[in-house]
Amino acid sequence: RAKAAGRGTLIVFEQGMDMVVQDQHALEIDLRRALQRGEFELHYQPFINIASGLVCGFEALVRWRHPQQGLIPPDRFIPLAEETGIIVPLGAWVLERACADAVTWPVEMRLAVNLSPVQLRHCGIVETVGGALRASGLLATRLELEVTETVMLAGADSRKSLQAIGAMGVSIVLDDFGTGYASLSYLAEMPFSKIKIDRGFVADLPTHHTSRAIVSAITNLASALHMEITAEGVETEEQLMILKAAGCTHAQGYYFARPRPIGDIEMPRQAKKV
Ligand code: C2E
Ligand code: MG
Ligand code: MG
Ligand code: MG
């Protein structure tokens, strides 16, 4: 097809491909050095109890402050970090850094950290989580680890690790719910205490009747299984009102706050209502 488009097109196409490959390779070399150079940083986004309007905690979201390219979002380097295995030391750093930050917050504030399936498959993960808690002094019950539906398709070792981490008192959260392939029966088998509805459904809420039906169904299921439910990517008051009416208890999104570096966050001082 490239040939049919003519010689000029073919050359442009080849140069383009070459640049993509080079770009990716350069990024990989940079990624290997980035940890030692301290180029990663964490931004924090609050999640909110819809009924009280109070902040329950913050999700740590990693960014890479690249010396030439500026701030790089996780979607551009996490897949590469997973392919190369760099996610294992990077993920350990995220856990340690986030726990050390969170221990300075009011005790009602919880900390959520994302965990890659590659990290979970790594044999040292239970010790890494335990080590980050011990080193920081953060109570295990204040920590939530977010995993996606792919972990349910992962092997028995990953599931055992999740069970062991859960047994330490850490909450396991199912992230991006509704986007994967996992069967619903896994929900009851795994030690999830919370489900996060993917922001794709939330974005469609005001216009798509089917999204409302799906959100209502997820919310009913979660409450029947005694799980908390958080809606991700809430950007408007209209979305929030629909979520509230559907029985969703918690929310997170730009409507409340964007992810921010720790120094830019005004930590809520009021205690969580009980
Ligand atoms: P996630 O865990 O589902 O995180 C939510 C993403 O949605 C974040 O993107 C957040 O900035 C974005 N977001 C929050 N509110 C809104 C909103 O109202 N509208 C829109 N459009 N987006 C919103 P971010 O920070 O770019 O992270 C993307 C993904 O990268 C995360 O999705 C998570 O899967 C992964 N990630 C981030 N940090 C880490 C980490 O430390 N370790 C691992 N393994 N993965 C991470
Ligand atoms: Mg998450
Ligand atoms: Mg998510
Ligand atoms: Mg996501």
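The preceding data block contains the structure.
Please read all numbers here as calculations on a predicted model, not as lab measurements.

K.L.:
How do you make sense of the site of ligand 1 when you look at a structure like this?
P.N.:
What surrounds ligand 1 is a group of 23 residues, the closest being Arg63, Asn114, Arg199, Glu235 and Tyr254. The contact in question runs from an oxygen atom of ligand 1 to an N or O atom on the side chain of Arg199, over 2.8 Å. When ligand 1 is considered free in solution it has 810 Å² of accessible area, and contact with the protein chains removes 86% of it. Elements supplying a minimum of two residues to the shell around ligand 1: β2 (55–66) and β6 (171–177). The dominant element in the shell around ligand 1, judged by the number of residues it contributes, is β2, at 4 residues.

K.L.:
What am I meant to see in unusual backbone geometry here?
P.N.:
The backbone of Asp176 sits at a positive phi, close to 50 degrees, despite the residue not being glycine. Here Asp176 shows up in strand β6. Its relative accessible area of 24% is what places Asp176 among the partly exposed residues.

K.L.:
Sorry if this is basic, but what is going on with the packing of helix α3 (residues 87–102) against helix α5 (residues 125–136) here?
P.N.:
α5 packs onto α3 with a crossing angle of 30 degrees between their chain directions and a minimal axis gap of 9 Å. Judged by the angle between their axes, α3 and α5 are roughly parallel. Considering the relative orientation of α3 and α5, their crossing is right-handed. Between α3, through Ala92, Leu95, Glu96, Cys99 and Ala100, and α5, the contact on the second element is made entirely by Thr128, Val129, Ala132, Leu133 and Ser136. Here the contact of α3 with α5 is composed, by residue class, of 7 nonpolar, 2 polar and 1 charged.

K.L.:
Whenever I open this one, the pattern of salt bridges confuses me. Can you help?
P.N.:
Inspection of every chain in the model, using the stated rule, returns 9 salt bridges. In this structure, Asp101 engages Arg97 in a salt bridge whose closest nitrogen and oxygen atoms are separated by 2.8 Å. Taken together, the residues Asp101 and Arg97, both in helix α3 and 4 residues apart, mark about one turn of the helix. Judged by relative accessible area, which is 11%, Asp101 ranks as buried.

Thresholds, definitions, all that
Residues numbered from 1 in each chain as written. Chains lettered and ligands numbered in written order. Predicted model: local features only at pLDDT ≥ 70, side-chain atom pairs only at ≥ 80, totals over all residues. Heavy atoms only, no water. Near = heavy atom within 4 Å. Polar contact = N/O pair within 3.5 Å; in protein donor to acceptor, adjacent residues only side chain to side chain. Areas by Shrake-Rupley, 256 points an atom, 1.4 Å probe, with all protein chains shown as cover. Helix = DSSP H or I, 4+ residues; strand = E, 2+ residues; numbered from the N terminus. Buried < 20%, exposed > 50% of the residue type's maximum accessible area, 1.4 Å probe, protein only. Axes fitted to C-alpha atoms, helices over the stretch in contact; angles between N-to-C directions. Parallel < 35°, antiparallel > 145°, perpendicular 65-115°, else oblique. Left-handed = near helix turned anticlockwise from the far one by under 90°. Contact = heavy atoms within 4.5 Å. Nonpolar A, V, L, I, M, F, W, Y, C, P; charged D, E, K, R; others polar. Salt bridge = Lys/Arg side-chain N within 4 Å of Asp/Glu carboxyl O.

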